[in-house]
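Residues per chain are reported as follows:
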Amino acid sequence: MNEFEALWIEADESGRKPLPPRWNKVTVDQLSEGDVTVKVTHSTINYKDGLALAGAPGIVRKFPMVPGIDVVGEVLTSDSDRFKPGDQVILNGYGVGEVHTGAYAKVARLKSECLLHRPSELSPARAAAIGTAGYTAMLCVMALERYGITPEQGPVAVSGASGGVGSVAISILSKLGFETIAFTGRLEETDFLKSLGASEVLDRAQLSEKGKPFGKERWAAAVDVAGSHTLANLIAQTNYGGAVAACGLAQGMDLSGSVMPFILRSVALLGVDSVMAPMALREEAYARLVQDLDLAKLDSLSEVIKLADVEERAAKLLKGQVRGRTIVEVA
Ligand code: NDP
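Residues numbered from 1 in each chain as written. Predicted model: local features only at pLDDT ≥ 70, side-chain atom pairs only at ≥ 80, totals over all residues.

- The name given to the protein in an unreviewed UniProt entry is Acrylyl-CoA reductase AcuI, with the source organism recorded as Pseudovibrio axinellae.

Let's talk about the site of the ligand
Reasoning step 1: The environment of the ligand is formed by 33 residues, the closest being Gly160, Ser162, Gly163, Gly164 and Gly248.
Reasoning step 2: The residue makeup of the shell around the ligand, split by class, is twelve nonpolar, 17 polar and four charged.
Reasoning step 3: Both of domain 1 (4-118 + 301-329) and domain 2 (133-271) provide at least three residues apiece to the shell around the ligand. (Near = placed C-beta within 6 Å. Nonpolar A, V, L, I, M, F, W, Y, C, P; charged D, E, K, R; others polar. Domains from an automatic or database assignment.)

Here we look at the pairing of strand S5 (residues 88-92)
Reasoning step 1: Within S5, five of the five residues are buried, which leaves the element mostly enclosed by the surrounding structure.
Reasoning step 2: The alternating pattern of S5 places Gln88, Ile90 and Asn92 on one face and Val89 and Leu91 on the opposite face, and all of these are buried.
Reasoning step 3: Where strand S4 (residues 70-78) lies against S5, five bridges are found, and the strand directions are antiparallel. Residue pairing in the sheet places Gly73 in a bridge with Val89 of S5.
Reasoning step 4: Relative to strand S7 (residues 116-117), S5 runs antiparallel, the two being bridged by two bridges. Counterpart to Val89 in the pairing with S7 is His117. (Buried ≥ 20, exposed ≤ 12 C-beta atoms within 10 Å, placed from the backbone. Helix = DSSP H or I, 4+ residues; strand = E, 2+ residues; numbered from the N terminus. Pairing = 2+ DSSP bridges.)

Focus on helix H8 (residues 279-292)
Reasoning step 1: Between its first and last C-alpha atoms H8 spans 19 Å; for 14 residues at 1.5 Å apiece the expected length is 20 Å, and the two agree.
Reasoning step 2: Burial in H8 covers these residues: Arg282, Ala285, Tyr286 and Leu289. Projected down its long axis, H8 carries its buried residues within an arc of 95°, all on one side. In H8, the exposed positions that point more than 90 degrees away from the buried face belong to Ala280 and Gln291.
Reasoning step 3: Of the surrounding secondary structure, the elements contacted by the buried residues of H8 are S7 and helix H2 (124-147). (Expected span 1.5 Å × (residues − 1). Arc of directions from axis to C-beta. Contact = placed C-beta atoms within 7 Å.)

What to know about unusual backbone geometry
Reasoning step 1: With an omega of -10°, the peptide bond running from Phe63 to Pro64 counts as cis.
Reasoning step 2: As for its position among the elements, Pro64 is in the loop between helix H1 (47-53) and S4.
Reasoning step 3: The backbone phi angle of Ser228 is positive, close to 50°, even though this residue is not glycine.
Reasoning step 4: Among the secondary structure elements, Ser228 is positioned in helix H6 (residues 228-236).

A few points about the UniProt feature "domain: Enoyl reductase (ER)" (unreviewed entry) in the protein
Reasoning step 1: In the numbering adopted here, UniProt assigns the feature "domain: Enoyl reductase (ER)" (unreviewed entry) to residues 16-328.
Reasoning step 2: Taken end to end, residues 16-328 is 31% helix and 24% strand, and its first and last C-alpha atoms sit 28 Å apart. (UniProt positions renumbered as here; feature names shortened; annotations may be inferred.)

Regarding the nonpolar core
Reasoning step 1: If you look at the biggest cluster of nonpolar residues, it comprises 105 residues, and the most contacted ones within it are Cys140, Val156, Ala169, Val244 and Ala245.
Reasoning step 2: At 13 residues, H2 tops the list of elements feeding residues into this core.
Reasoning step 3: The two domains that each donate at least three residues to this core are domain 1 (4-118 + 301-329) and domain 2 (133-271).
Reasoning step 4: Not counting chain neighbours up to four residues away, the residues in contact with Ala169 comprise Ala137, Cys140, Val141, Val158 and Val223. (Core = buried A, V, L, I, M, F, W, Y, C linked by C-beta atoms within 7 Å.)

The structure is reproduced here in structure tokens:
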């Protein structure tokens, strides 16, 4: 196969620290091993992609690396019985873009056990708009549902509301009939968040500082992308018998609070990981996204860019200047 363009991250002389990414002409042989090659048509930018492109420690752990944790594309060649050339596929996570070469290249070589057939209801661009952030939002909602949370119990608070996970979570929850309280640092996005279905939009500063260990009950459940004091405050203000789905660390990876909400209010803390989620759960999440995510809302929270602009956009995302989701056109 001919050479193609890839964003390429090499290590410094220590062999462990990433050098800044550069565009490189590569061949398939330079990609990680896999039994399926895919023509990448679309990808996206998640928080983790932003960290990888910024050279944050601990994200890219194998070199050289093609970043990009979400692949949407068409199978070119396959040694797997599950896929044949022309099949439309999706890959989210599984260490791609971290320890296995990823999406910011015209071609990806991937392991068939990590690939999903793209649901026909989702165009390639919409599948990219969902990406890891959107599928994680669905996993958070499913975790709350599994715990028994229903719209009748009260509102669901969502942190990082203007970001990727938060904006998709609000869209899904509102279609399912939940009232949602959107916490954001960008109150200028109030109209946008209400258009996605937020019932109320509040300043995230309310949750940013160390708060009371045991606060007034305000919501039946929460989806948290921030960690740190935000997560502790969300837990402390959850109603009796409620639950908080925690998936992120946008404020910080620390968590200090009180056990009081757990032992006096039976509040549950539900951890959500998308990267190594089993295939059956991924298939369930995509089936649910097809059913429970309003595609017009998904379009309204997504913006399209070219692959060449991925670094500039990722830097903005880390500064909290990107609203919703980004679709990266690769092909
Ligand atoms: P985005 O950058 O799209 O959104 C993050 C949002 O968090 C920002 O837009 C901002 O929203 C909010 N935020 C930023 N800084 C702070 C802060 N200091 N305190 C409170 N809120 C803050 O990222 P994603 O939506 O892609 O990812 C969100 C988080 O979820 C990340 O930490 C990411 O690593 C994690 N994640 C985890 C996954 C998993 O498998 N567990 C999968 C996907 C994501 P606003 O401006 O509205 O306040």
